[in-house]
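# Examination of the molecular architecture
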Amino acid sequence: MLGRASVLVKPNQLETWDVEIADPEPGGALVSIVLGGVCGSDVHILTGEAGEMPFPIILGHEGIGRIEKLGAGGTTDYAGEELKAGDLVYWSPIALCHRCYSCNVLDETPCENTRFFEDASKPNWGSYADYAWLPNGMPFYRLPDNAQPEAVAALGCALPTALRGFDRCGPIRLGETVVVQGAGPVGLSAILIAAQAGAREIVVIDGSPIRLEAARTLGATVAIGLDVLPDERRRMVYDCVGRNGPNVVVEAAGVLRAFPEGVDLTGNHGRYIILGLWGAIGTQPISPRDLTIKNLTIGGATFPKPKHYYQALHLAVALQDRLPLRALVSHRFGVAGAGEALALTKSGKTIKAVIDPTVS
Ligand SMILES: [Zn+2]
Ligand SMILES: [Zn+2]
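Residues numbered from 1 in each chain as written. Chains lettered and ligands numbered in written order. Predicted model: local features only at pLDDT ≥ 70, side-chain atom pairs only at ≥ 80, totals over all residues. Heavy atoms only, no water.

At 2.1 to 2.3 Å from the zinc ion (ligand 2) lie its protein donor atoms, namely Cys39 (SG), His61 (NE2), Glu62 (OE) and Cys157 (SG). Between the four donor atoms coordinating the zinc ion (ligand 2), the angles at the centre fall across 95 to 122°, so the site counts as tetrahedral. Donor residues for the zinc ion (ligand 2) sit on one chain with the sequence pattern C-x21-H-E-x94-C. Taken together, the residues Cys39 in the loop between strand 3 (29-38) and helix 1 (40-47) and Cys157 in the loop between helix 3 (149-153) and helix 4 (158-169) connect sequence positions 118 residues apart. For the pair shown, Cys39 and Cys157 are each scored as buried. (Donors = N, O, S within 2.8 Å, 3.2 Å for Na, K, Ca; no water. Tetrahedral: all angles 85-135°; square planar, octahedral: opposite > 155°, others 65-115°. Helix = DSSP H or I, 4+ residues; strand = E, 2+ residues; numbered from the N terminus. Buried < 20%, exposed > 50% of the residue type's maximum accessible area, 1.4 Å probe, protein only.)

What follows covers the layout of surface pockets. By volume, the second largest pocket amounts to about 190 Å³. For the second largest pocket, the lining is made up of 13 residues, of which Ala95, Asn113, Arg115, Trp125 and Pro135 are closest to its centre. Along the lines of polarity and charge, the residues of the lining of the second largest pocket split into seven nonpolar, four polar and two charged. (1 Å grid on protein atoms, 1.4 Å probe; cavity = no way out; pocket = protein on both sides within 12 Å on 5 of 7 lines; lining within 4 Å. Points joined across faces, edges and corners; volume = space filled by probe spheres on them. Nonpolar A, V, L, I, M, F, W, Y, C, P; charged D, E, K, R; others polar.)

Time to look at empty space enclosed by the protein. The final tally for this structure, using the stated rule, is two cavities of 30 Å³ or more. Its boundaries defined by the atoms lining it, the largest cavity holds a volume of some 110 Å³. Lining the largest cavity are 17 residues, and of these Val19, Glu20, Ile21, Asn124 and Tyr131 sit closest to its centre. Here the lining of the largest cavity takes three residues from strand 7 (residues 131-134), the largest share from any one element.

We now examine the coordination of the zinc ion (ligand 1). In the first shell of the zinc ion (ligand 1), the protein supplies Cys97 (SG), Cys100 (SG), Cys103 (SG) and Cys111 (SG), at 2.2 to 2.4 Å from the metal. As a motif over one chain, the donors of the zinc ion (ligand 1) read C-x2-C-x2-C-x7-C. Residue classification places Cys103 among the buried residues on the basis of a relative accessible area of 11%.

What follows concerns the pairing of strand 6 (residues 88-91). Residues Leu88 and Tyr90 line one face of strand 6 and the alternating positions Val89 and Trp91 line the opposite face, and both faces are buried. Taken together, the three bridges between strand 5 (residues 62-70) and strand 6 define a ladder with antiparallel strand orientation. Across the sheet, the residue bridging to Ile64 is Tyr90, located in strand 6. Pairing geometry for strand 6 and strand 8 (residues 140-142), over three bridges, is antiparallel. Bridge pairing in strand 8 links Trp91 to Phe140. (Pairing = 2+ DSSP bridges.)

An order of 2-1-4 is seen for the three strands of this open sheet, with the pairing classed as antiparallel. What marks the edges here is a single partner per strand, and that holds for strand 2 (13-20) and strand 4 (57-58). Direction of pairing for strand 1 (residues 2-10) relative to strand 2: antiparallel, over a ladder of eight bridges. By the bridge assignment, Lys10 is partnered in strand 2 with Gln13.

The next subject is a nonpolar patch on the surface. A contiguous nonpolar patch, built from Tyr101, Val105 and Leu106 and spanning about 310 Å² of accessible area, is present on the exposed surface. Inspection of the secondary structure assignment puts Leu106 in helix 2 (residues 101-106). Here Leu106 falls in the partly exposed class, since its relative accessible area comes to 43%. (Patch = residues over 30% accessible without salt bridge, like charges linked within 9 Å, V, L, I, M, F, W, Y side chains within 5 Å. Areas by Shrake-Rupley, 256 points an atom, 1.4 Å probe, with all protein chains shown as cover. Salt bridge = Lys/Arg side-chain N within 4 Å of Asp/Glu carboxyl O.)

Segmentation of the protein into domains returns domain 1 (2-154 + 305-355) and domain 2 (159-300). Centre-to-centre separation of domain 1 and domain 2, based on C-alpha positions: 28 Å. Taken together, the contact between domain 1 and domain 2 spans 21 residues of the former and 17 residues of the latter. With both sides pooled, the region where domain 1 packs onto domain 2 buries about 1700 Å², and carbon together with sulfur makes up 68% of that total. At the junction of domain 1 with domain 2, the criterion picks out three salt bridges. (Domains from an automatic or database assignment. Contact = heavy atoms within 4.5 Å. Buried area = accessible area lost by both parts, 1.4 Å probe.)

Right, let's talk about the sheet that holds strand 10 (residues 201-206) for a bit. Spatially, six strands are ordered 11-10-9-12-13-14 in an open sheet, and the strand pairing comes out parallel. Edge positions in the open sheet fall to strand 11 (222-225) and strand 14 (297-300), since each of these has one partner strand only. Strand-to-strand twist of the sheet, defined as the mean angle between neighbouring strand axes without regard to direction, takes the value 15°. Of the strand pairs in this sheet, strand 12 (residues 248-251) and strand 13 (residues 271-274) are connected by four bridges, and their pairing is parallel. Within strand 13, the residue paired with Val248 across the bridge is Arg271. Contacts between helix 7 (residues 230-241) and the sheet are confined to strand 9 (177-181), strand 10 and strand 11, with strand 10 contributing the most and set at about 165° to the helix. (Axes fitted to C-alpha atoms, helices over the stretch in contact; angles between N-to-C directions.)

Next up on the list: the packing of helix 4 against helix 5 (residues 185-197). Where helix 4 meets helix 5, the axes come as close as 8 Å, and the angle between the chain directions of the two elements is 55°. Taken together, the axes of helix 4 and helix 5 lie oblique to each other. Relative to helix 5, the crossing made by helix 4 is right-handed. Side by side, helix 4 and helix 5 meet where Ala158, Leu159, Ala162, Leu163 and Phe166 of the first sit next to Pro185, Val186, Ser189, Ala190, Leu192 and Ile193 of the second. Looking at the contact of helix 4 with helix 5 residue by residue, the class counts come to 10 nonpolar, one polar and no charged. (Parallel < 35°, antiparallel > 145°, perpendicular 65-115°, else oblique. Left-handed = near helix turned anticlockwise from the far one by under 90°.)

So this is what it looks like as structure tokens:
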């Protein structure tokens with residue numbers, strides 16, 4: 001059997017290939033792709049900014065698929081739910097080895113033996129494709145019957161990433177005040193989680209009017225544009241949350257200059273959680289004394305664990321009728337339209353684009 005796949009042959013060279021689709025291995029599954037999420041990090045992979053990749057690779061690490069075949073002996077998903085052909089699943093794209101220091105001693109991700117990509121000619125879990133072959137150990141979870149796939153795909157891997165960040169750096173507590181730098185999918189996810197956790201004020205800072213509007217629909221109480229200068233932004237934040245400053249600041253902007261501003265914005269005894277600077281290589285000056293004077297905690301997190309994908313799935317389904325999650329999926333492209341999808345994502349003119357193989 002053959003299926004189409006969007007293959008990155010080398011940086012900036014994307015081709016649509018017909019690839020051989022293999023039967024699943026024991027513990028794994030073969031799924032037909034329903035939605036493949038287009039992620040900001042895919043743009044960095046496309047251009048080569050994300051570093052050396054084992055080209056050629058099939059792009060896409062966010063997916064919802066329909067079970068075509070389960071590997072021998074498989075009757076459940078990775079949370080023990082019964083599963084059969086035709087069911088929809090959402091997966092964590094990182095198979096853990098369970099044979100390394102991070103997996104077995106620290107109980108942390110990333111696993112030291114993780115393979116993010118496989119050669120496009122081999123069985124492959126890239127989601128910009130007609131099919132994904134999920135290997136043994138790549139956790140997949142059944143979507144509840146009432147789930148809206150678009151609501152689950154809307155925030156992509158950003159929702160598990162934000163859940164991972166709060167898990168690592170401390171959850172939002174009832175009545176806390178929060179500032180979120182950046183309203184891309186990671187920032188929107190942080191806003192959603194903060195609102196659901198009972199934050200009193202959630203201030204969002206971003207340059208895009210459509211993103212600020214989306215932030216409001218998910219629970220932001222104050223939106224500040226980047227046309228407002230930093231000193232004025234600080235005044236507006238402190239006017240909103242009070243003279244002690246925000247309890248939590250989340251960096252989801254992905255630009256280096258957000259870092260010193262975030263340290264400065266974070267209130268006394270506050271926490272500053274770094275999620276967006278994954279792809280931003282470089283340094284920035286801060287005053288270390290601020291950390292002692294204000295008793296700050298600064299933490300970062302990356303690579304969600306399987307449980308964060310499970311939590312994200314069920315959080316999205318629980319909220320799908322109360323929040324306009326589905327509406328965040330603003331653009332759909334077929335497998336052959338992946339280049340266009342990535343260009344649009346790079347332009348910032350979309351909230352979430354998806355690959356939908358039924359689109360021709
Ligand atoms: Zn491992
Ligand atoms: Zn992603």
